[in-house]
Amino acid sequence: MNDHRRLGRELGLFGTDPLIGSGLPYWPPAGAAVRKAVEDYVHELERRHGYQHVNSPVLGKRELYEKSGHWAHYAEDMFPPMMVGGEEFVLRPSLCPHHALIYRSRQRSHRDLPLRIAEIGGMYRSELSGVLGGLTRVRAIQLNDGHTFCAPEQAAAEVSAALDLIEAAHAQLGIRAVRYRLSLRGEGAKFVDDPGMWQRSEAVLTEVLKQRGRDFDAEPGEGAFYGPKIDIQIADSAGRESTLSTVQVDYYQPGRFDLGYVGGGRPVMVHRSVVGGLERLMAHLIEVHAGAFPAWLAPVQAVVLPLSDAELPAAEDLVRRSVAAGLRTELAPAGRGTLGARIRAHRLVPYQLVVGPREVASGQASVRSRDGGQEGPVPLAELADRSRPRF
Ligand SMILES: [Zn+2]
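In this numbering scheme, every chain counts its residues from 1 along its sequence in written order. Side-chain atom pairs in this predicted model are given and counted only at pLDDT of 80 or more, local residue features only at pLDDT of at least 70, and totals for whole chains, interfaces and linings cover all residues. The basis for every side-chain value is the complete set of heavy atoms in the structure, and neither hydrogens nor water enter the calculation.

Chemist: Looking at this model, I keep getting lost on the sheet that holds strand 3 (residues 82-84). Mind explaining?
Modeler: Think of a sheet as strands paired side by side through backbone hydrogen bonds, with each pair either parallel or antiparallel. Strands pair, by our definition, only if DSSP identifies at least two bridges between them. A helix here means a DSSP run of H or I that spans at least four residues, while a strand means a run of E at least two residues long, and both kinds are numbered starting from the N terminus. Read across the open sheet, the 3 strands follow the order 2-4-3; overall the sheet is antiparallel. Strand pairing shows two members of the sheet lacking a second neighbour, strand 2 (59-61) and strand 3, which therefore form its edges. The mean angle between the axes of side-by-side strands here comes to 40°, regardless of whether they run parallel or antiparallel. Angular values range over 0 to 180 degrees, each being the angle between N-to-C directions of two axes fitted as lines to C-alpha atoms, with helices fitted over their stretch in contact.

Rendered as structure tokens:
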């Protein structure tokens with residue numbers, strides 16, 4: 001596998017600048033296009049699975065994190081508070097507290113459950129600069145997060161539904177998980193001290209994994225401070241393992257925020273991330289696909305190659321029509337070198353549209369595909385359809 005840092009720089013997928021700071025990557029156009037494709041895909045996948053999307057701010061008052069338990073159990077990973085107008089604000093270490101407050105903002109009844117909300121939003125971690133490198137350990141994370149608020153008897157079904165979503169997304173993205181980990185409570189003050197609560201959530205997660213016939217390794221000390229997790233592990237080009245997707249059963253934060261519903265008691269919060277933080281996901285996608293992203297993810301999906309300057313007006317027209325058909329399309333005019341050289345320069349682009357005198361006459365593009373070689377004339381609508389994710 002390739003190192004994502006080298007390929008990411010070469011392909012203009014992400015960058016860093018000492019003036020912004022280490023662990024704070026930015027996304028130039030090529031990387032931003034891939035990221036947008038992932039965001040659109042995940043949004044649509046979640047929508048089809050009954051989620052509603054929300055947006056919430058990237059910071060909150062210190063009291064919010066005292067209430068959620070982050071302040072007591074997670075403070076060493078958080079940025080220090082900022083004082084504004086006599087109040088202390090913290091860059092959020094997770095989206096959960098905001099989502100709990102969105103749940104609490106209206107009266108909920110048993111009929112509203114399970115209530116599934118999701119967001120791709122910023123969260124922050126005060127990593128030490130020594131461990132930063134590329135996209136895998138960052139201080140600013142764009143997290144694909146979501147929470148299901150459900151009745152206790154619905155929790156197992158919700159965990160299983162979240163795993164369905166994760167497995168569908170992995171298949172579409174070409175991600176290969178190395179193993180499933182059941183991350184449990186460890187020793188010490190990092191973890192909420194309520195053995196009965198841990199036992200109950202562990203029982204739900206274990207039951208679901210067994211139902212699905214999934215092998216897993218139980219690992220004490222890797223849980224969240226409020227509960228155990230199913231972590232879906234991936235490996236980077238050097239074989240180092242990290243967590244991409246996760247599902248967690250939480251009986252703790254609903255109590256801290258005093259969540260309830262009419263006709264019942266306390267909802268359970270099922271936390272889940274389908275594709276994790278977009279930075280780590282991007283690092284993995286770069287390495288897995290070696291820069292040759294599937295068409296729906298590719299930064300540039302089609303390149304138009306006029307044989308000579310005589311075909312330039314027709315080529316420009318084809319670019320316009322291709323963009324209108326929904327494809328991310330670029331022009332590589334004859335001035336940039338021979339046709340062979342231009343094809344090689346765009347070898348990672350899924351569709352190469354060559355325009356010669358014959359294509360000018362017919363008004364159709366002759367397609368050379370990265371995977372299939374010479375295809376002859378293909379309508380733009382068909383190329384656009386091939387360049388969409390499947391659900
Ligand atoms: Zn959460």
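Chemist: Looking at this structure, how should I read the pattern of salt bridges?
Modeler: Close approach of charged atoms allows side chains with opposite charge to pair. The term salt bridge refers to a pairing of a side-chain nitrogen on Lys or Arg with a carboxyl oxygen on Asp or Glu at a separation within 4 Å. Under the criterion given, the structure shown has 30 salt bridges. For Asp 3, the salt bridge goes to Arg 5, with nearest N and O atoms at 3.1 Å. Burial classes: relative accessible area under 20% of the type maximum marks a residue as buried, over 50% as exposed, and values in between as partly exposed (1.4 Å probe, protein chains only). Looking at Asp 3, the relative accessible area reads 28%, which means it is partly exposed. As a salt-bridge pair, Lys 36 and Asp 40 come within 2.9 Å of each other at their nearest N and O atoms. Here Asp 40 and Lys 36 lie together in helix 2 (residues 29-48), a separation of 4 residues that amounts to about one turn.

Chemist: Is there a simple way to explain empty space enclosed by the protein in this structure?
Modeler: Once rolled over the atoms, a probe with the size of a water molecule shows which space is left empty. Put plainly, a pocket is an open set of points on a 1 Å grid over the protein atoms alone with protein on both sides within 12 Å along at least five of seven lines, a cavity is a set where a 1.4 Å probe fits but cannot get out, and a lining residue has an atom within 4 Å of a point. Grid points are joined across faces, edges and corners, and a volume is the space filled by probe spheres set on the points. One pass over the structure, following the stated rule, counts 1 cavity of 30 Å³ or more. As for the largest cavity, its lining consists of Trp 27, Arg 35, Val 38, Leu 278, Leu 281, Met 282 and Leu 285. Contributing elements (two or more residues each) for the lining of the largest cavity: helix 2 and helix 9 (278-289). Residue contributions to the lining of the largest cavity peak at 4 residues, all from helix 9. Residue polarity follows a fixed list, in which Ala, Val, Leu, Ile, Met, Phe, Trp, Tyr, Cys and Pro are nonpolar, Asp, Glu, Lys and Arg are charged, and the others, Gly among them, are polar. Its residues assigned to classes, the lining of the largest cavity shows 6 nonpolar, no polar and 1 charged.

Chemist: Can you help me understand the coordination of the zinc ion in this one?
Modeler: Each pair of donors in an ideal octahedron of six around a metal sits at 90 or 180 degrees, and each pair in an ideal tetrahedron of four sits at 109.5 degrees. Here the term donor refers to an N, O or S atom within 2.8 Å of the metal (or 3.2 Å for Na, K and Ca), and because water is left out of the atoms, sites may appear incomplete. Protein coordination of the zinc ion is provided by Cys 96 (SG), His 147 (NE2) and His 271 (ND1), with donor distances spanning 2.0 to 2.2 Å. Written as a sequence motif, the donor arrangement for the zinc ion is C-x50-H-x123-H. Here Cys 96 is found in helix 5 (residues 96-104), whereas its partner His 147 is found in strand 6 (residues 140-150), with 51 residues between them in sequence. As far as the burial class goes, Cys 96 and His 147 line up, both buried.

Chemist: Sorry, what's going on with helix 7 (residues 195-211) here?
Modeler: What sets the pattern is the α-helix's 3.6 residues per turn: residues three or four places apart point alike. An expected span of 1.5 Å times one less than the residue number is assigned to each helix. The first and last C-alpha atoms of helix 7 sit 24 Å apart over 17 residues, in line with the 24 Å expected at 1.5 Å per residue. Of all the positions in helix 7, only Met 197, Trp 198, Ser 201, Val 204, Leu 205, Thr 206, Val 208 and Leu 209 are classed as buried. It only takes one pair of heavy atoms within 4.5 Å for two residues to be counted as in contact. In this fold, the buried residues of helix 7 make contact with helix 6 (155-173), strand 7 (179-184), strand 9 (229-235) and strand 10 (241-250).

Chemist: How should I be thinking about the nonpolar core in this particular structure?
Modeler: Nonpolar side chains tend to gather and get buried jointly when the protein is soluble and globular. For this analysis, a nonpolar core means a set of buried residues of the types Ala, Val, Leu, Ile, Met, Phe, Trp, Tyr and Cys, connected via side-chain atoms within 4.5 Å. Formed by 79 residues in total, the largest nonpolar core has its most connected members in Val 159, Leu 173, Leu 281 and Leu 297. Here this core takes 9 residues from helix 6, the largest share from any one element. The next biggest cluster of nonpolar side chains, apart from the first, holds 16 residues, and it includes Ala 302, Leu 353, Ala 365 and Leu 383.

Chemist: Which parts of the structure should I look at to understand the environment of Gly 69?
Modeler: Mapped onto the elements of the fold, Gly 69 is located in the loop between helix 3 (62-68) and helix 4 (70-73). Separated by 162 residues in sequence, Gly 69 and Asp 231 have C-alpha atoms that sit 21 Å apart. Apart from the residues lying within four places of it in its own chain, the contact partners of Gly 69 are Tyr 74, Phe 225, Tyr 252 and Arg 256.

Chemist: For this particular structure, what's the right way to read the sheet that holds strand 9?
Modeler: Judged by pairing direction, the sheet is mixed, and its 8 strands sit side by side in the order 1-5-6-11-10-9-7-8 without closing on themselves. A strand with exactly one partner marks an edge of an open sheet, and here the two such strands are strand 1 (52-53) and strand 8 (217-220). In the sheet, strand 5 (residues 115-124) pairs with strand 6 via 10 bridges, with the strands oriented antiparallel. Bridging across to strand 6, Gly 122 finds its partner in Gln 142. Contacting strand 1, strand 5, strand 6 and strand 11 (268-273), helix 2 crosses the sheet at an angle of about 0° to strand 6.

Chemist: Would you explain the environment of Glu 219 in this entry?
Modeler: With respect to the helices, strands and loops of the structure, Glu 219 is situated in strand 8. Sequence separation between Glu 219 and Leu 184 is 35 residues; the distance between their C-alpha atoms is 5.8 Å. Those residues in contact with Glu 219, other than ones at most four positions away along the chain, are Arg 179, Arg 181, Leu 182, Ser 183 and Leu 184. A distance of 2.8 Å separates polar atoms of two side chains, one belonging to Glu 219 and the other to Arg 179. Under the rule applied, a polar contact is a pair of N or O atoms within 3.5 Å (in protein, one hydrogen donor and one hydrogen acceptor; residues adjacent in sequence only if both atoms are side-chain atoms).

Chemist: Would you mind showing me how to read unusual backbone geometry here?
Modeler: Working note: non-glycine residues mostly have negative phi, and peptide bonds are mostly trans. Following Leu 113, the chain continues to Pro 114 via a peptide bond in cis, the omega torsion being -5°. Assignment of secondary structure puts Pro 114 in the loop between helix 5 and strand 5. A positive phi angle, near 55°, is found at Asp 258, a position not held by glycine. Checked against the element boundaries, Asp 258 lands in the loop between helix 8 (253-256) and strand 11. The backbone of Ala 290 shows a phi angle near 50°, a positive value even though the residue is not glycine. By secondary structure assignment, the location of Ala 290 is in the loop between helix 9 and strand 12 (302-306). Judged by its relative accessible area of 34%, Ala 290 falls in the partly exposed class.

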